[in-house]
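Chain residues, written in single-letter form:
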Amino acid sequence: MSAAEELTPATVSSERKSRWSPTLTIGLILVGIHVVLALLTLFWTPYDPASMTGGRLEPPSFAHWVGTDRLGRDFFTQIMIGSRIALIVGAGAVAIGAAIGVTIGLLAAFATRLLDDALAATLDILIAFPTLLLAMLVVAASDSASLWTAILALGIAMSAIVARLTRILAKRVLQNDYITASRTSGTSWPGVVVRHVLPNIWPTLSVNFALQFGIAVIAEASLSYLGLGAPPPNASWGRLLQEAQGTVYTAPIGAIAPGIALVTLVIGINLLADGLRDIGDPTRRVSR
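Fair warning: this is a prediction, and the values are worked out from it, not measured in the lab.

Engineer: Sorry if this is basic, but what is going on with the overall build of the protein here?
Structural biologist: Within the protein, the secondary structure is distributed over eleven helices and zero strands. Along the protein, helices (α) and strands (β) appear in the sequence α-α-α-α-α-α-α-α-α-α-α when read from the amino end. Evaluated residue by residue, the protein yields a buried proportion of 42% over its 288 residues. The long-range fraction of contacts in the protein, counting pairs at least 24 apart against all pairs at least 6 apart in sequence, stands at 70%.

Engineer: I'm lost on the nonpolar core in this one. Help?
Structural biologist: Within the largest apolar cluster, 57 residues are counted, with the highest numbers of intra-cluster contacts made by Ile-79, Leu-154, Val-197, Phe-209, Val-217, Trp-237 and Leu-265. Those elements giving two or more residues to this core turn out to be helix H3 (22–40), helix H4 (75–110), helix H6 (131–141), helix H7 (147–174), helix H9 (189–225), helix H10 (237–244) and helix H11 (253–280). It is H4 that provides the largest number of residues to this core, a total of 15 residues. Ignoring anything within four residues of it in the chain, the contact list for Trp-237 reads His-34, Ile-79, Gly-82, Ser-83, Ala-86, Pro-258, Ala-261, Leu-262 and Leu-265.

Engineer: What is the right way to look at the environment of Arg-172 in this model?
Structural biologist: As for its placement among the helices and strands, Arg-172 is situated in helix H7. Between the C-alpha atoms of Arg-172 and Ala-109, which are 63 residues apart in sequence, the distance is 9.1 Å.

Engineer: Explain the layout of surface pockets here, please?
Structural biologist: To find leftover empty space, one rolls a probe the size of a water molecule over the atoms. The computed volume of the second largest pocket comes to approximately 180 Å³. At the level of elements, H3, H4 and H11 are the ones that each hand at least two residues to the lining of the second largest pocket.

Engineer: Even after reading the chapter, I still don't get the side chain of Thr-68, so can you show me in this structure?
Structural biologist: Structurally, Thr-68 can be placed in the loop between H3 and H4. Judged by relative accessible area, which is 4%, Thr-68 ranks as buried. A polar atom in the side chain of Thr-68 sits 3.3 Å from the backbone nitrogen of Leu-57. From its side chain, Thr-68 meets the backbone nitrogen of Glu-58 in a polar contact 2.7 Å long. The contacts of Thr-68, once residues within four sequence positions are left out, are Gly-54, Gly-55, Arg-56, Leu-57, Glu-58, Arg-73 and Phe-75.

Engineer: Is there a simple way to explain the pattern of salt bridges in this structure?
Structural biologist: When their charged atoms lie close together, side chains carrying opposite charge are able to pair. Enumeration over the complete set of coordinates arrives at seven salt bridges. Note that Asp-116 and Lys-171 form a salt bridge whose closest N and O atoms lie 3.3 Å from each other. Pair noted here: Asp-116 is in helix H5 (residues 113–128) and Lys-171 is in helix H7, with a separation of 55 residues, a long-range link. Note on Asp-116: relative accessible area 4%, which makes it buried. Measuring nitrogen to oxygen at the nearest pair gives 2.4 Å for the salt bridge that ties Glu-243 to Arg-239. One end of the pair, Glu-243, and the other, Arg-239, are both in helix H10, four residues apart, so they sit about a helical turn from each other. Under the relative-accessibility criterion, Glu-243 is labelled buried at 16%. Exposure remark for Arg-239: the relative accessible area of 6% places this residue in the buried category. Residues joined in a network through salt bridges with shared partners are Arg-70, Arg-239 and Glu-243.

Engineer: What am I meant to see in empty space enclosed by the protein here?
Structural biologist: Summed over all chains, the structure comprises two cavities of 30 Å³ or more. Of the volumes computed, that of the largest cavity is approximately 100 Å³. Those elements that provide at least two residues to the lining of the largest cavity are H10 and H11. In terms of residues, the lining of the largest cavity owes the most to one element, H10, which gives three residues. Here the residues of the lining of the largest cavity are counted per class, giving six nonpolar, three polar and three charged. Considering the residues around the second largest cavity, the lining is formed by Gly-82, Ile-85, Ala-86, Val-217, Glu-220, Ala-221, Ser-236, Trp-237 and Leu-262.

Engineer: Would you take a moment to explain the confidence of the model for the protein for this structure?
Structural biologist: The predicted coordinates of low-pLDDT regions are not to be read in fine detail. Looking at the protein as a whole, the pLDDT averages 84, with 89% of positions reaching at least 70. Here residues 9–14 scores under 50 on pLDDT; set against residues more than four positions off or in separate chains, the count is four contacts.

Engineer: Mind showing me how you'd approach the side chain of Thr-45 here?
Structural biologist: Among the structural elements, Thr-45 can be located in the loop between H3 and H4. Within polar-contact distance, the side chain of Thr-45 engages the backbone oxygen of Tyr-47 at 2.7 Å.

Engineer: Looking at this model, I keep getting lost on H9. Mind explaining?
Structural biologist: Residues separated by three or four positions in an α-helix point in the same direction, a consequence of the helix having 3.6 residues per turn. Its 37 residues give H9 an end-to-end C-alpha distance of only 46 Å, which falls more than 12% under 54 Å, the value for a rise of 1.5 Å per residue. Bending of H9 peaks at approximately 50° at the position of Trp-202, with proline Pro-203 no more than four residues after it. Looking one or two places after H9, you find Gly-227, whose phi comes out positive at around 85°.

Criteria and cut-off values
- Residues numbered from 1 in each chain as written.
- Predicted model: local features only at pLDDT ≥ 70, side-chain atom pairs only at ≥ 80, totals over all residues.
- Heavy atoms only, no water.
- Helix = DSSP H or I, 4+ residues; strand = E, 2+ residues; numbered from the N terminus.
- Buried < 20%, exposed > 50% of the residue type's maximum accessible area, 1.4 Å probe, protein only.
- Contact = heavy atoms within 4.5 Å.
- Core = buried A, V, L, I, M, F, W, Y, C linked by side-chain atoms within 4.5 Å.
- 1 Å grid on protein atoms, 1.4 Å probe; cavity = no way out; pocket = protein on both sides within 12 Å on 5 of 7 lines; lining within 4 Å.
- Points joined across faces, edges and corners; volume = space filled by probe spheres on them.
- Polar contact = N/O pair within 3.5 Å; in protein donor to acceptor, adjacent residues only side chain to side chain.
- Salt bridge = Lys/Arg side-chain N within 4 Å of Asp/Glu carboxyl O.
- Nonpolar A, V, L, I, M, F, W, Y, C, P; charged D, E, K, R; others polar.
- pLDDT = per-residue confidence, 0-100.
- Expected span 1.5 Å × (residues − 1).
- Bend = angle between axes of the 7 residues up to and from the residue.

Written out as structure tokens, the structure reads:
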């Protein structure tokens, strides 16, 4: 096959289709289920979240699909609200982490040698601490635990990882000849960032953001389990797991249901990130 034939629209379309893997499809389905549940809670839930309509710790039934909790509240309603909280926390933490991390990473890429080394060393030190530990320190330093405090804490904690990756990718792009040509033609450094740096590093960053989303969901559940996340009446999956630990033998569904919800969302996000990496990888080619 000649080079001209390889660049035909049909070939490009076939290559793009080949990159759409089952991994991406499964990830979209799993994440899509939680997105639909989260959106439904904005205007409908099977029962009022605070309504104690059932008996205490009832097993799954037609009236209560996943049973009831220790207060008689519908457990499926709590799971649905937990999906909304998980997605809000993940999106908020990634947005904060991206805003802080990308900014610091770009500044480090353009900084002098001494300042760049200092920023790189600082980022390495922050990355050495687990995300959950840094988030716990931020929450503990605040007046009280809340959903927005958890989001801010997780965003700050993951910003160091984003900053380090942005710095590495941006410095790699800035070494290319077309950056020199762009500067010679009169393009300002902000213009270089907008026109060349960000478009080239965005595919890799987007995959990292998806992975950080999953980490944020797990971290928020861990914070809520420890009492440092979203306080009641927010039905965080971590808090549901914490409440179910005392009745795990008499009503195991209380621990199984939020656990399955958490696992499916995180697996879906990771599969989605893996599929996005395959699509955005410019070195991947169709095997012939």
